[in-house]
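Structural features, examined
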Amino acid sequence: MENKTELILIRISGVDRPGLTASITAILSKYQVDIMDIGQADIHSTLSLGILFKSAEKDSGNIMKELLFKASDLGINIRFYPISAEEYETWVSLQGKNRYILTLLGRKLTAEQIAGATRILADQELNIDGIHRLTGRIPLDEKKANVRACIEFSVRGTPKDREALQRELMKLSASLGMDFSFQQDNMYRRMRRLICFDMDSTLIETEVIDELAMRAGVGDQVKAITERAMRGEIDFCESFKERVALLKGLDESVMRDIAEHLPITEGVERLMYVLKRYGYKIAILSGGFTYFGNYLKEKFGIDYVYANQLEIVDGKLTGRYLGDIVDGKRKAELLQLLAQVEKVDIAQTIAVGDGANDLPMLSIAGLGIAFHAKPKVVANAQQSINTIGIDGVLYFLGFKDSYLDERGKL
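The name recorded for the protein chain in an unreviewed UniProt entry is Phosphoserine phosphatase, from Bacteroides mediterraneensis. Quoted straight from UniProt, the Pathway (unreviewed entry) entry for the protein chain says "Amino-acid biosynthesis; L-serine biosynthesis; L-serine from 3-phospho-D-glycerate: step 3/3."

See the structure below:
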């Protein structure tokens, strides 16, 4: 006689405790059932456990009876749902759907922000599979330093209009004071290995050429040219030549003094420590100067520095530079070259910058992040951080505070 089988879904909820899942599966094991699917979550000490199993039809009644008695002993709720073969096949077919990760980040997160983001997902007919908090619990004293909040949504489906989704998230983040990242959830996202940073106004809170210009007495002239270049209003290379020429005669000792007093961006030390700890290769690709890039390289253990080299003769700047200018096009080329050197796919790379000359590398990197960037850059970047320090990059990479050692935590 043919042994008939049944598919049964059980859903269990109640106060979590050690050994609960073991007690339930011990009963199932007595009847040698096949587990077709299983999932469990613990939210604020409340368990939600789902198990889909296949058993012999003759055993189903005894299995459910034993499970009911055990549920009563444990003080939990259990429900049974028979699943047809057609329903099971439909469920299997859903496994091929695209998956995405939406990350929300800010000094704090409000119900308004979450309602707005989830409404955008619903309008795009995307389903939320899970929600996870990446930061530690927020202290009641919101004035404490370095307070931030980050949650991650695991999303399934295919957006109706990916560009419209991006625009709506961007508008929401601007109006409600939060940052976001919307990424496809694939193996490349979990295996990023090379991260390239702009330097000025990204790793440091200044434009070094402006600092040099102030010491040379041409601050206003150079600053005006710098701002126009960063906004993309004038060609970077031409602006670079103009600005460097104005530095002629400046003493080399001024560069040393500026390097020793660089204003480091909030979160850099934590970010560099964690990235090095977990094996990332780190590069500076800067339209600034190698003198200052090398200073940061020594300070933080950065692997590569590519920037512009000022010509120095007899201890003074000549107003000229050596080699090719590192502009936006060159930054993108260097990112691709470093990916080849490190033997990683371009999808495993990350780029972080603030200016128009960073857009080429942001656009080709696997993950391009605009950091406290100019409006043109934010408008063209897929991800941006504007509300917290640069260590916010860690959350876009999926790091969770509780997984980090004491030095890596806030």
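**Let's talk about the overall build of the protein chain**
When you go through the protein chain residue by residue, the secondary structure sums to 16 helices and 15 strands. For 410 residues, the compact-globule formula gives about 22 Å, and the C-alpha radius of gyration of the protein chain, at 27 Å, lies well above that figure. Seen along its three principal axes, the alpha-carbon backbone of the protein chain occupies a region of about 95 × 40 × 40 Å. The 410 residues of the protein chain split such that 48% are buried. Intrachain contacts of the protein chain at a sequence separation of at least 6 include 69% that bridge at least 24 residues. With 53 positive and 58 negative side-chain charges, the protein chain shows a spacing of 3 Å between the two charge centroids.

**Details of empty space enclosed by the protein**
Per the stated rule, a full pass over the model turns up one cavity of 30 Å³ or more. For the largest cavity, the calculated volume is near 130 Å³. Around the largest cavity sit 17 residues that line it, and Asp-200, Glu-207, Phe-236, Gly-287 and Gly-288 are the ones nearest its centre. Ranked by residue count, the leading element in the lining of the largest cavity is strand β10 (residues 281-289), at four residues. Within the lining of the largest cavity, the residues separate by chemical class into five nonpolar, five polar and seven charged.

**Here we look at helix α10 (residues 252-260)**
Taken residue by residue, α10 has Val-254, Met-255, Ile-258 and Ala-259 as its buried positions. What you see down the axis of α10 is that its buried residues fit within an arc of 135°, all on one side. Of the surrounding elements, those touching the buried residues of α10 are α7 (208-216), α12 (290-300), β11 (304-313) and β12 (316-322).

**Considerations on the nonpolar core**
Nonpolar side chains tend to gather and get buried jointly when the protein is soluble and globular. The biggest cluster of nonpolar side chains holds 60 residues, and the ones touching the most others in it are Phe-197, Leu-212 and Phe-292. With six residues, the single largest contributor to this core is helix α11 (residues 268-277). By size, the runner-up hydrophobic cluster in this structure holds 21 residues, among which are Cys-196, Leu-285, Met-361 and Ala-381.

**Some details on unusual backbone geometry**
One non-glycine residue, Gln-32, lies in positive phi territory at about 50°. Along the polypeptide, Gln-32 turns up in the loop between α1 (20-30) and β2 (34-43). The class of Gln-32 is exposed, set by a relative accessible area of 72%. At His-372, a position not held by glycine, the phi torsion is positive, near 40°. Relative to the elements of secondary structure, His-372 occurs in the loop between β14 (367-371) and α15 (375-380). Overall, the relative accessible area of 37% leaves His-372 in the partly exposed class.

**What about the layout of surface pockets?**
Approximately 1400 Å³ is the volume found for the largest pocket. Considering the residues around the largest pocket, the lining is formed by 35 residues, among which Gly-39, Gln-40, Ala-41, Asp-129 and Gly-130 are closest to the centre. Secondary structure elements with two or more residues in the lining of the largest pocket: β1 (5-15), β2, β3 (46-56), β4 (77-83), α3 (85-93), β6 (127-133) and β7 (149-156). Sorting elements by how many residues they give to the lining of the largest pocket places β2 first, with seven residues. For the lining of the largest pocket, the class distribution of residues is 14 nonpolar, 11 polar and 10 charged. Size it by volume and the second largest pocket reaches roughly 350 Å³. Forming the boundary of the second largest pocket are 19 residues, of which Ala-365, Gly-366, Leu-367, Gln-382 and Gln-383 lie nearest the centre. At the level of elements, β8 (179-184), α14 (359-364) and β14 are the ones that each hand at least two residues to the lining of the second largest pocket. Looking at side-chain class alone, the lining of the second largest pocket contains eight nonpolar, nine polar and two charged residues.

Conventions and cut-offs
- Residues numbered from 1 in each chain as written.
- Predicted model: local features only at pLDDT ≥ 70, side-chain atom pairs only at ≥ 80, totals over all residues.
- Heavy atoms only, no water.
- UniProt positions renumbered as here; feature names shortened; annotations may be inferred.
- Helix = DSSP H or I, 4+ residues; strand = E, 2+ residues; numbered from the N terminus.
- Rg over C-alpha atoms; globule rule 2.2 N^0.38 Å.
- Buried < 20%, exposed > 50% of the residue type's maximum accessible area, 1.4 Å probe, protein only.
- Contact = heavy atoms within 4.5 Å.
- Lys, Arg positive; Asp, Glu negative; His and termini not counted.
- Charge placed at Lys NZ, Arg CZ, Asp CG, Glu CD.
- 1 Å grid on protein atoms, 1.4 Å probe; cavity = no way out; pocket = protein on both sides within 12 Å on 5 of 7 lines; lining within 4 Å.
- Points joined across faces, edges and corners; volume = space filled by probe spheres on them.
- Nonpolar A, V, L, I, M, F, W, Y, C, P; charged D, E, K, R; others polar.
- Arc of directions from axis to C-beta.
- Core = buried A, V, L, I, M, F, W, Y, C linked by side-chain atoms within 4.5 Å.

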